[in-house]
Amino acid sequence: VVAAILLCTTGCFSSPRFLQLIVVAVLSKVPHILPAAASKDFTFPSNIFYSDLEATVRELCVAAGAAPEGSLLTPFVKSIFQKIFMHFFVLDSMTILNTQVRIVHDRLSKL
């Protein structure tokens, strides 16, 4: 995998499955991840967001029987959101979705 689109929804970073997929991306060394908001109420990560993320990751590590590594994903997630963030609402019209797909394609083809 050379690139991935990270579709972000409200609460997605609280989902163990979502975080597991990010861990897979980290371990697989996916070089390019383009973040996109898939819901209108997704907010850009803040310091509180990263504190909550680290608490969630610690809980997941403990649940998995691994050493608690709260900061495991923080640097990776911060680097993802340093890229240009875009909105991608799956319930928009077909015309808007086609335009958004072209934009994503153009961005990924430049990587």
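Asker: What's the story with unusual backbone geometry in this structure? I'm lost.
Answerer: Leaving glycine out, the prevailing phi sign among residues is negative, and the prevailing peptide bond configuration is trans. The phi angle at K29 is positive, at roughly 55 degrees, despite the residue not being glycine. Looking at where K29 falls in the secondary structure, it is placed in the loop between helix 1 (16–28) and strand 2 (32–37). Using a relative accessible area of 69% as the deciding quantity, one classes K29 as exposed.

Asker: Is there a simple way to think about the confidence of the model for the protein chain in this case?
Answerer: One rule of thumb: low pLDDT means the predicted coordinates there are not for detailed reading. Residues of the protein chain with pLDDT of at least 70 account for 95%, and the chain-wide mean is 80. Element-level mean pLDDT values for the protein chain span from 70 in strand 3 (residues 86–87) up to 84 in strand 1 (residues 3–8).

Asker: I tried to follow the nonpolar core on my own but got confused; where do I start?
Answerer: One recurring pattern in soluble globular proteins is that nonpolar side chains are buried together. Ranked by internal contacts, the top residues of the largest apolar core, which has 22 residues, are L6, F13, I22, L53, V77 and F81. The element that contributes the greatest number of residues to this core is helix 2 (residues 47–63), accounting for five residues. If we ignore the near neighbours within four places in the chain, the residues touching V77 are F13, F49, Y50 and L53. Membership of the second largest hydrophobic core comes to five residues, among which are L34, A36, F88 and L97.

Asker: What is the right way to read helix 1 from this model?
Answerer: Quick reminder: α-helices carry 3.6 residues per turn. Residues three or four places apart thus point the same way. Between its terminal C-alpha atoms helix 1 stretches 18 Å, which fits the 18 Å expected from 13 residues at 1.5 Å a residue. Where helix 1 is buried, its residues touch strand 1, strand 2, helix 2 and helix 3 (74–80). K29 lies just past helix 1 and shows a positive phi near 55 degrees.

Asker: How should the packing of aromatic side chains be read in this particular structure?
Answerer: The way to describe two aromatic rings as a pair is by their centre distance and the angle between their planes. Counting across every chain of the model gives three aromatic pairs. On the basis of an interplanar angle of 80 degrees and a centroid distance of 5.1 Å, the ring pair of F13 and F18 is categorised as edge-to-face. The same class applies to F13 as to F18, namely buried. The interplanar angle of 80 degrees and the centroid separation of 5.0 Å between the aromatic rings of F49 and Y50 together place this pair among those described as edge-to-face. Given the relative accessible area of 16%, F49 is considered buried. Overall, the relative accessible area of 10% leaves Y50 in the buried class. One aromatic cluster is present, formed by F13, F18, F49 and Y50 through successive ring pairs. Directly above the aromatic system of Y50 lies the positively charged group of K78, at a separation of 5.0 Å from the ring centroid.

Asker: Please clarify how the environment of P35 should be interpreted in this entry.
Answerer: Turning to its location among the elements, P35 is positioned in strand 2. The exposure class assigned to P35 is buried, which follows from its relative accessible area of 0%. Separated by 14 residues in the primary sequence, P35 and L21 place their C-alpha atoms 14 Å from one another.

The rules behind these values
- Residues numbered from 1 in each chain as written.
- Predicted model: local features only at pLDDT ≥ 70, side-chain atom pairs only at ≥ 80, totals over all residues.
- Heavy atoms only, no water.
- Helix = DSSP H or I, 4+ residues; strand = E, 2+ residues; numbered from the N terminus.
- Buried < 20%, exposed > 50% of the residue type's maximum accessible area, 1.4 Å probe, protein only.
- pLDDT = per-residue confidence, 0-100.
- Core = buried A, V, L, I, M, F, W, Y, C linked by side-chain atoms within 4.5 Å.
- Contact = heavy atoms within 4.5 Å.
- Expected span 1.5 Å × (residues − 1).
- Phe/Tyr/Trp six-rings, centres within 6.5 Å; stacked < 30°, edge-to-face > 60°.
- Lys NZ or Arg CZ within 6 Å of the ring centre and 35° of its normal.

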